[in-house]
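# Structure at a glance
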There are 2 protein chains.
Amino acid sequence: MNAILASTSTLHNQEYLEYLLPHLKEHFKNCDFVLFIPYARPGGISLDEYTANAAKAFSKINIKIKGIQEFENAAEAVQKAPAIFTGGGNTFLLVSELYRNKIMDELRKAIQKGTPYLGTSAGTNIGGLSMQTTNDMPIVYPPSFKTLGIVPFNINPHYLDPDPNSKHKGETRETRIKEFHSLNSQPVVGLREGSWLELNANKVTLKGDLKARIFEKDKVPYEVETETDLSDLN
Amino acid sequence: MNAILASTSTLHNQEYLEYLLPHLKEHFKNCDFVLFIPYARPGGISLDEYTANAAKAFSKINIKIKGIQEFENAAEAVQKAPAIFTGGGNTFLLVSELYRNKIMDELRKAIQKGTPYLGTSAGTNIGGLSMQTTNDMPIVYPPSFKTLGIVPFNINPHYLDPDPNSKHKGETRETRIKEFHSLNSQPVVGLREGSWLELNANKVTLKGDLKARIFEKDKVPYEVETETDLSDLN
């Protein structure tokens, strides 16, 4: 495998994908184009609008983007793609559309055979065993919560530490993940903004400047440093 | 109908249900006991632990609580209950358990025939047409997202205004609801903590000190004052 699973597409006060572009230039070098999967439609924008946004960012590193909606056969587009990027937005919508277009399995196969892959936010969440540690609203009912499982755990993108000054009584992210573990056993990687996972062959490494927070069932959550090998977290 | 749908069970620096107790004393007066539905299991606590917490709070106003798990037949318990309280926690788990125990319809019928009802958080979310504007994690796959529909719209409990100082790039609540409206048409009431909806016969009124934020498809979101009649919001 040859994949980057990033917590977020955009850092505060930066342009879309800005912090990742130097890495993406290397990651996608020699690729004729990158197949963009815009199904997650952030803020409800159209597939074409979203594709134009991605194309604009990638033009800065001279990489061409083609939206999957431009192809007649989505499965074939995934099979033949020289590289693939799944953008963020709503994970329920993304997963529903991956199943409806019958490309969940095709996407897994493509990544497993080594097609360079980038996921951000929802596109990273689907790299886990299931989408059940998403932060998104269930705006549509997907046929299953099962996702790609190209890492042996679940991912919580945009991981947010509890705010000690908050007076808000909604559940913290940590409480939500604890609820997940009352019914499910796989570990969860809380990936802070600016962090990503790098998949190289079968090795999974934490990248970026920050630590990640690891949640295992019936264990006290703990921090891991950047460059930690997470291949055996399962 | 005779129902209170509260955004939260607990305000900052207060005890569980503290701010609601004066209203609940009136709401549940002359009820032999209140049937408690603890299925949402906040933080993954057990049904019995959760029931004990509710019983402790209600003991302050001399009202007895019985957990639905103490009854052999859940449907019959709902049909015969003098009053019902559904507590908060995880909405996916709550909805899954209501369906698994075959009481979603029974609960709707009981409320519609006038059984005094209290919902907090997840127990309020299910009062809407669907659970699709929950903030919770999809820790379990429910057979449907459809809920009680005792109000003609959807509810977002623990509604949180965007923080202008935040550097976090996860979606704001408003963006999430906008994504909901890209696929769904019913209005959404963003219910801030300390607010509740009072259902009296077929009238729905906003209560508490705060305004609520209303989201309608293809409209700019707007604020409504406490005591606003929301019966016709659909």
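Now for a description of the structure that goes with this document.

Calculation notes
Residues numbered from 1 in each chain as written. Chains lettered and ligands numbered in written order. Predicted model: local features only at pLDDT ≥ 70, side-chain atom pairs only at ≥ 80, totals over all residues. Heavy atoms only, no water. Helix = DSSP H or I, 4+ residues; strand = E, 2+ residues; numbered from the N terminus. Rg over C-alpha atoms; globule rule 2.2 N^0.38 Å. Buried < 20%, exposed > 50% of the residue type's maximum accessible area, 1.4 Å probe, protein only. Areas by Shrake-Rupley, 256 points an atom, 1.4 Å probe, with all protein chains shown as cover. Contact = heavy atoms within 4.5 Å. Buried area = accessible area lost by both parts, 1.4 Å probe. Salt bridge = Lys/Arg side-chain N within 4 Å of Asp/Glu carboxyl O. Polar contact = N/O pair within 3.5 Å; in protein donor to acceptor, adjacent residues only side chain to side chain. Nonpolar A, V, L, I, M, F, W, Y, C, P; charged D, E, K, R; others polar. Pairing = 2+ DSSP bridges. Axes fitted to C-alpha atoms, helices over the stretch in contact; angles between N-to-C directions. Core = buried A, V, L, I, M, F, W, Y, C linked by side-chain atoms within 4.5 Å. Phe/Tyr/Trp six-rings, centres within 6.5 Å; stacked < 30°, edge-to-face > 60°. Lys NZ or Arg CZ within 6 Å of the ring centre and 35° of its normal.

Broken down by element type, chain A carries 7 helices and 11 strands. In terms of overall dimensions, chain A is globule-like: its C-alpha atoms have a radius of gyration of 17 Å, near the 17 Å expected for 234 residues. Expressed along its principal axes, the backbone C-alpha trace of chain A runs to roughly 45 × 35 × 35 Å. Each of the 234 residues in chain A was classed as buried or not, and the buried ones make up 60%. Of the roughly 9,600 Å² of accessible surface on chain A, 46% is carried by carbon and sulfur atoms.

It is worth spelling out the interface of chain B and chain A at this point. In this complex, chain B contributes 48 residues to the contact, which on the side of chain A involves 48 residues. Between chain B and chain A, the buried area comes to about 3,900 Å², and carbon and sulfur atoms account for 59% of it. Counting across the chain B and chain A interface gives 2 salt bridges. A salt bridge links A:Asp136 to B:Arg176; the shortest N-O distance between them is 3.0 Å. Between chain B and chain A we count 17 residue pairs in polar contact (both at pLDDT 80 or more) in total. Breaking the side of chain B that touches chain A down by element, the ones donating at least two residues are α4 (91-100) and α7 (173-181) of chain B. Per-element tally for the side of chain B that touches chain A: the top contributor is α7(B), with 7 residues. Residues that form the side of chain B that touches chain A fall into these classes: 18 nonpolar, 20 polar and 10 charged.

On to the pattern of salt bridges, then. If the charged atoms of two oppositely charged side chains come close together, the side chains can form a pair. All names here are of chain A. A full pass over the atoms with the stated rule returns 30 salt bridges over all chains. As a salt-bridge pair, lysine 80 and glutamate 76 come within 3.4 Å of each other at their nearest N and O atoms. Of this pair, lysine 80 and glutamate 76 are both found in helix α3 (residues 74-80), 4 residues apart, which corresponds to roughly one turn of the helix. Note on lysine 80: relative accessible area 63%, which makes it exposed. Here arginine 100 ties to glutamate 97 by a salt bridge, and the two come within 2.9 Å at their closest N and O atoms. Note that arginine 100 and glutamate 97 are positioned in helix α4 (residues 91-100) at a spacing of 3 residues, about one turn of the helix. According to the relative accessible area criterion, arginine 100 is exposed, its value standing at 57%. The exposure class assigned to glutamate 97 is buried, which follows from its relative accessible area of 16%.

What follows covers the environment of B:Ser9. Residue and element names in this part refer to chain B. Relative to the assigned elements, serine 9 resides in the loop between β1 (2-6) and α1 (21-27). Along the backbone, serine 9 and glycine 194 are 185 residues apart, and their C-alpha atoms lie at a distance of 8.5 Å. Setting aside chain neighbours within four positions, we find serine 9 in contact with Tyr16, Leu17, Glu18, Tyr19 and Thr120. At 2.8 Å, the side chain of serine 9 forms a polar contact with the side chain of threonine 10.

Time to look at the environment of A:Asn73. Residues and elements named next belong to chain A. With respect to the helices and strands, the residue asparagine 73 is situated in the loop between β3 (65-67) and α3. For the pair asparagine 73 and asparagine 101, spaced 28 residues apart in sequence, the C-alpha separation works out to 8.9 Å. A polar contact is formed between the side chain of asparagine 73 and the backbone nitrogen of alanine 75, at a distance of 3.1 Å.

The subject of this paragraph is the sheet that holds β3(A). Within a beta sheet, neighbouring strands are joined by backbone hydrogen bonds and run either parallel or antiparallel to one another. All names here are of chain A. Reading across the sheet, the 7 strands line up as β3-β2-β4-β5-β1-β8-β9 and stay open at both edges, with mixed pairing between neighbours. Every interior strand has two partners, whereas the edge strands, β3 and β9 (203-207), have only one. On average, adjacent strands in this sheet sit at an angle of 20° to one another, irrespective of strand direction. Pairing of strand β4 (residues 84-86) with strand β5 (residues 117-120) involves 3 bridges; the strand directions are parallel. Bridged to phenylalanine 85 within β5 is leucine 118. Along the sheet face, helix α2 (residues 47-59) touches β2 (34-37), β3, β4 and β5 and points at about 170° away from the line of β3.

Turning next to the pairing of β1(B). Residue and element names in this part refer to chain B. With 4 of 5 residues buried, β1 is to be regarded as a mostly interior element. By the bridge criterion, 5 bridges tie β1 to strand β8 (residues 196-200) in an arrangement that is antiparallel. Pairing of alanine 3 across the sheet is with leucine 199, part of β8. In terms of strand pairing, β1 meets strand β5 (residues 117-120) through 4 bridges, oriented parallel. Within the sheet, the bridge partner assigned to isoleucine 4 lies in β5 and is leucine 118.

What follows deals with the nonpolar core. Soluble globular proteins: nonpolar side chains tend toward being buried together. Residues A:Leu107, A:Leu197, A:Leu230, B:Leu107, B:Leu197 and B:Leu230 are the most contacted members of the largest nonpolar core, which totals 90 residues. Filtering out sequence-adjacent residues up to four positions away, B:Leu230 remains in contact with B:Phe153, B:Val189, B:Leu197, B:Val204, B:Leu206, B:Ile214 and B:Val224.

So, about the packing of aromatic side chains. The final tally for this structure, using the stated rule, is 22 aromatic pairs over all chains. A centroid spacing of 6.3 Å and a plane angle of 55° characterise the contact between A:Tyr19 and A:Trp196, whose relative ring orientation is tilted. With A:Tyr19 in the loop between β1 (2-6) and α1 (21-27) and A:Trp196 in strand β8 (residues 196-200), this pair connects stretches of sequence that are 177 residues apart. Both rings, one in B:Tyr159 and one in B:Phe215, keep their centres 5.6 Å apart while their planes meet at 50°; by these two values the pair is tilted. Placement of B:Tyr159 in the loop between β6 (154-156) and α7 and of B:Phe215 in strand β10 (residues 212-215) is noted, with a sequence separation of 56 residues between them. You can call B:Tyr159 buried: its relative accessible area is 3%. Aromatic ring contacts, followed pair by pair, group A:Phe92, A:Tyr141, A:Phe145, B:Phe92, B:Tyr141 and B:Phe145 into a single cluster. Looking at A:Lys66, its charged tip hangs above the ring of A:Phe33, at a distance of 4.4 Å from the centre.

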